[in-house]
Amino acid sequence: MKDIEHNENFRILIVDDVSQNIQIVANILKAEGYQMTYAQSGKAALAKAWSHNFDLILLDIMMPEMNGFEVCIKLKQYPETKDIPVIFLTAKSDTESIVKGFKVGATDYVTKPFNRMELVARVRTHLALRESQKALQTSEEHLREAVAAKDKFFSIIAHDLRSPFHNLFHLHEFLEDDIDTFDREQLVEFFKSLCENATMTFNLLENLLSWAKTQTGSVKFAPVSFSVSGLAKNIAKLLKSSADEKNITLTSGIDEDITAYGDTDMISMILRNLVTNAIKFTPKHGKITIDGEKKDNHVEITVADTGMGISEENIRKLFRIDIQFSSFGTQGERGSGLGLILCKEFAEKNSGKIWVESEVSKGSRFKFTLPGTKNYVRKR
Ligand SMILES: Nc1ncnc2c1ncn2[C@@H]1O[C@H](COP(=O)(O)OP(=O)(O)O)[C@@H](O)[C@H]1O
Ligand SMILES: [Mg+2]
């Protein structure tokens, strides 16, 4: 029974131009509990294979128009279908056809008329192989992500965390040599830039540390129901002085009674990063608004700015650990491209999504969603 339940997860495509043949195979495999789909021509088989996710294809060789060999060649050409095992069903038991079958990428073959036990055994074996191959692929993907994460981490430490210190040393040298030649106003300017430098470095370090925690799995996740406007106001208050510096108005207009469910530390981190970016990429006298809207089961939060916007091409590079992308702010502020990756990680951890709509020179709208209540938390 347990086997059959497990088998329900496997989808098999049976391809034969003769419907009685399909019937025979289907009858044999039905008892095993697999999910089955049928196609009566090569063309139909390809269309189905490209639109569904099959674990195995049983493929007749002799069919009018497009024979099984041709179908197999096509399947092996496309990344979506190239790893699906193909077993040829063939009345042609001559060595030549069998060799040709393997040459075009078949995994195995079964000769007609079928021996029930043999068919079942071969299907089982190849599905099991396919399953372990998939598991390997998944763990390889995870590994690749982990390596990319590690690379990014080191590159940030090596470059982005170093440069603020260069600025600092430089400033110090400058002051030490010529301190008497500066007037009070100039000194105030120096200290202001010192403070900005420190804030930027501190933000980066905070991002780096939270991200390191998520990578090692030691980040604590404590979701609660909270007032979205309250949280947004806190962030706006925190970042008001950097917005003031650029004469940017920063407002939060969220309905007082909208609540969402999530980890408030993580969501503050998302908002802090989005608003910091908005300030960084908006020229003087611009406008930034934080909005929140209740939509069915979730809450959609938007950070909109009237800044420089992002091109279509660059939007595709955002939120990705495998791509290094960061550009200078309107006042030459440097970045590391870590902020949005962290935002995505935290939004997803909170059952949400994050994306951006933007127009170059007009502005950007970064949006993310959160479940409205505990009931809408996505099961993992
Ligand atoms: N509000 C925005 N307006 C324009 N570009 C943005 C905005 N937010 C993010 N970006 C783009 O996305 C990039 C990555 O952002 P982020 O991950 O926060 O890294 P960083 O701020 O360190 O560069 C930025 O360098 C910038 O090119
Ligand atoms: Mg940023």
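Our subject is the structure that appears above.
The shown structure was predicted, so the numbers you read here are calculated from the model rather than taken from an experiment.

### Focus: the site of ligand 1
Then, in step 1: In the vicinity of ligand 1, 19 residues are found, and the nearest of them are Asn277, Ser326, Ser327, Ser336 and Leu340.
Then, in step 2: Contact distances for ligand 1 include 2.9 Å between an oxygen atom and a side-chain N or O atom of Lys280.
Then, in step 3: In this structure, Ser336 approaches ligand 1 through a main-chain N or O atom, which is 2.7 Å from an oxygen atom.
Then, in step 4: Partitioned by chemical class, the residues of the shell around ligand 1 number eight nonpolar, nine polar and two charged.

### Details of the packing of helix H9 (residues 228-245) against helix H10 (residues 264-280)
Then, in step 1: One can describe the packing of H9 onto H10 by two numbers: an axis separation of 10 Å at closest approach and a directional angle of 35°. The handedness of the crossing between H9 and H10 comes out as right-handed. Within the contact between the two elements, H9 uses Leu231, Ala232, Ile235, Leu238, Leu239, Ser242 and Ala243 and H10 uses Thr264, Ile267, Ser268, Leu271, Arg272, Val275, Thr276 and Ile279.
Then, in step 2: Along the lines of polarity and charge, the residues of the contact of H9 with H10 split into ten nonpolar, four polar and one charged.

### Describing empty space enclosed by the protein
Then, in step 1: Across all of its chains, the model carries two cavities of 30 Å³ or more by this definition.
Then, in step 2: Volume-wise, the largest cavity comes out at about 50 Å³.
Then, in step 3: As for the largest cavity, its lining consists of Ile61, Phe88, Thr90, Ser97, Ile98, Gly101, Phe102, Ala106, Asp108 and Tyr109.
Then, in step 4: The biggest single contributor to the lining of the largest cavity is helix H5 (residues 95-103), with four residues.
Then, in step 5: Looking at side-chain class alone, the lining of the largest cavity contains six nonpolar, three polar and one charged residues.
Then, in step 6: There is about 40 Å³ of room inside the second largest cavity.
Then, in step 7: Here the lining of the second largest cavity is built from residues that sort into five nonpolar, three polar and one charged.

### Things to note about the pattern of salt bridges
Then, in step 1: The final tally for this structure, using the stated rule, is 21 salt bridges.
Then, in step 2: Across the pair Glu140 and Arg144 runs a salt bridge, and its minimum N-O distance is 2.9 Å. Remark: Arg144 and Glu140 occur in helix H6 (residues 116-160); sequence separation between them is four residues, near one turn of the helix.
Then, in step 3: Ionic pairing is found between Lys362 and Glu359, a salt bridge with its closest N-O pair at 3.3 Å.
Then, in step 4: A single network of salt bridges, built from pairs that share partners, joins Lys295, Glu300, Glu357 and Lys367.

Cut-offs and rules
- Residues numbered from 1 in each chain as written.
- Chains lettered and ligands numbered in written order.
- Predicted model: local features only at pLDDT ≥ 70, side-chain atom pairs only at ≥ 80, totals over all residues.
- Heavy atoms only, no water.
- Near = heavy atom within 4 Å.
- Polar contact = N/O pair within 3.5 Å; in protein donor to acceptor, adjacent residues only side chain to side chain.
- Nonpolar A, V, L, I, M, F, W, Y, C, P; charged D, E, K, R; others polar.
- Axes fitted to C-alpha atoms, helices over the stretch in contact; angles between N-to-C directions.
- Helix = DSSP H or I, 4+ residues; strand = E, 2+ residues; numbered from the N terminus.
- Left-handed = near helix turned anticlockwise from the far one by under 90°.
- Contact = heavy atoms within 4.5 Å.
- 1 Å grid on protein atoms, 1.4 Å probe; cavity = no way out; pocket = protein on both sides within 12 Å on 5 of 7 lines; lining within 4 Å.
- Points joined across faces, edges and corners; volume = space filled by probe spheres on them.
- Salt bridge = Lys/Arg side-chain N within 4 Å of Asp/Glu carboxyl O.

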